[in-house]
Amino acid sequence: MATSRRIDVEEVGEVTIATFVDKKILDENNIQQIGSQLFALVEEDGRKRIVLDFSNVEYLSSAALGKLITMDKKVKASGGKLRLCSIRPDIYEVFAITKLNKLFDIKDTQEDALQGF
C-alpha cells in the first residue's frame, strides 16, 4: 500500500516548496513518512533549494524537529539551502527555546523565503 503524501511539493523557478499537509505532526508514523518524503527531495531528486512551508501546521512534536535537523544536514551536505517559513508563533517558540531558530533560516512568509534564494 502506498504511503500517503504528507507534503505538497511545488516548483517555483529553481526553488522547491514543500508544504506540510498535516495540522498536527505528532504521530511517529506520520513523522517517519514526512522524513522519508523530505529526504527524497534531496537524495533522490537532487533538489538544492528547498523551502519548508509550515502554514498548515498547528502542532509539532520534538521527533519532528529531529527530522528537520537531519533534513538541514542533508541539504547542506549536498551544497544546497533550506529555509523554513510561515511558522506559527507558538511553534516558533519551540524553535527559539531549543535554539533551532539559530540553525534554520526562518522567514515570515513564503514570499520572503523565496527572496534572494
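Residues numbered from 1 in each chain as written. Predicted model: local features only at pLDDT ≥ 70, side-chain atom pairs only at ≥ 80, totals over all residues. Heavy atoms only, no water.

(A) Spatial organisation of the nonpolar core. Membership of the largest hydrophobic core comes to 27 residues, with the highest contact counts inside it found for Phe-20, Leu-38, Leu-52, Phe-54, Leu-60, Leu-68 and Phe-95. Element by element, the count of residues in this core is highest for helix α1 (residues 28-43), at 6 residues. Among the nonpolar cores identified, the runner-up in size contains 6 residues, and Val-15, Ile-17, Val-51 and Ala-113 belong to it. (Core = buried A, V, L, I, M, F, W, Y, C linked by side-chain atoms within 4.5 Å. Buried < 20%, exposed > 50% of the residue type's maximum accessible area, 1.4 Å probe, protein only. Helix = DSSP H or I, 4+ residues; strand = E, 2+ residues; numbered from the N terminus.)

(B) Region of the structure containing α1. With 16 residues, α1 extends 22 Å from end C-alpha to end C-alpha; this agrees with the ideal 22 Å at 1.5 Å per step. Looking at the buried positions of α1, the neighbouring elements they touch are β1 (7-12), β2 (15-20), β3 (24-25), β4 (49-53) and α2 (62-77). Between the side-chain oxygen at the start of α1 and the backbone nitrogen of Asn-29 there is a gap of 3.1 Å, and the oxygen is on Asp-27. (Expected span 1.5 Å × (residues − 1). Contact = heavy atoms within 4.5 Å. Polar contact = N/O pair within 3.5 Å; in protein donor to acceptor, adjacent residues only side chain to side chain.)

(C) Molecular detail of the pattern of salt bridges. If you walk through the whole model with that rule in mind, you get 9 salt bridges. Ionic pairing is found between Glu-11 and Arg-47, a salt bridge with its closest N-O pair at 1.9 Å. Within this pair, whereas Glu-11 is found in strand β1, its partner Arg-47 is found in the loop between α1 and β4, the two being separated by 36 residues in sequence. Owing to a relative accessible area of 45%, Glu-11 belongs among the partly exposed residues under this scheme. Here Lys-74 and Glu-43 are joined by a salt bridge, their closest N and O atoms 2.6 Å apart. Remark: Glu-43 occurs in helix α1 and Lys-74 occurs in helix α2; sequence separation between them is 31 residues. Put simply, Glu-11, Asp-45 and Arg-47 are held in one network by salt bridges that share partners. (Salt bridge = Lys/Arg side-chain N within 4 Å of Asp/Glu carboxyl O.)

(D) Structural detail: the environment of Ile-97. Relative to the helices and strands, Ile-97 is located in helix α3 (residues 89-97). Along the chain, Ile-97 and Gly-116 lie 19 residues apart, while their C-alpha atoms are 28 Å from each other.

(E) Structural context of the packing of α1 against α2. The contact between α1 and α2 brings their axes to 10 Å, and the two run at 10 degrees. Judged on the interaxial angle alone, α2 and α1 are roughly parallel. Mapping the contact onto sequence places Glu-28, Ile-31, Gln-32, Gly-35, Leu-38, Phe-39, Val-42 and Glu-43 in α1 and Ala-63, Ala-64, Lys-67, Leu-68, Thr-70, Met-71, Lys-74 and Val-75 in α2. When the residues that make up the contact of α1 with α2 are grouped by side-chain class, the tally is 9 nonpolar, 3 polar and 4 charged. (Axes fitted to C-alpha atoms, helices over the stretch in contact; angles between N-to-C directions. Parallel < 35°, antiparallel > 145°, perpendicular 65-115°, else oblique. Nonpolar A, V, L, I, M, F, W, Y, C, P; charged D, E, K, R; others polar.)

(F) Examining the environment of Glu-43 more closely. Glu-43 sits 37 residues away from Arg-6 along the chain, and the two C-alpha atoms are 17 Å apart. Side chain to side chain, Glu-43 and Lys-74 meet in a polar contact 2.6 Å long.

(G) Structural view of unusual backbone geometry. Unusually for a residue other than glycine, Ser-86 sits at a positive phi of about 60 degrees. Its place among the elements puts Ser-86 in the loop between β6 (81-85) and α3. A positive phi angle, close to 65 degrees, is found at Lys-99, a residue other than glycine. Assignment of secondary structure puts Lys-99 in the loop between α3 and α4 (100-103).

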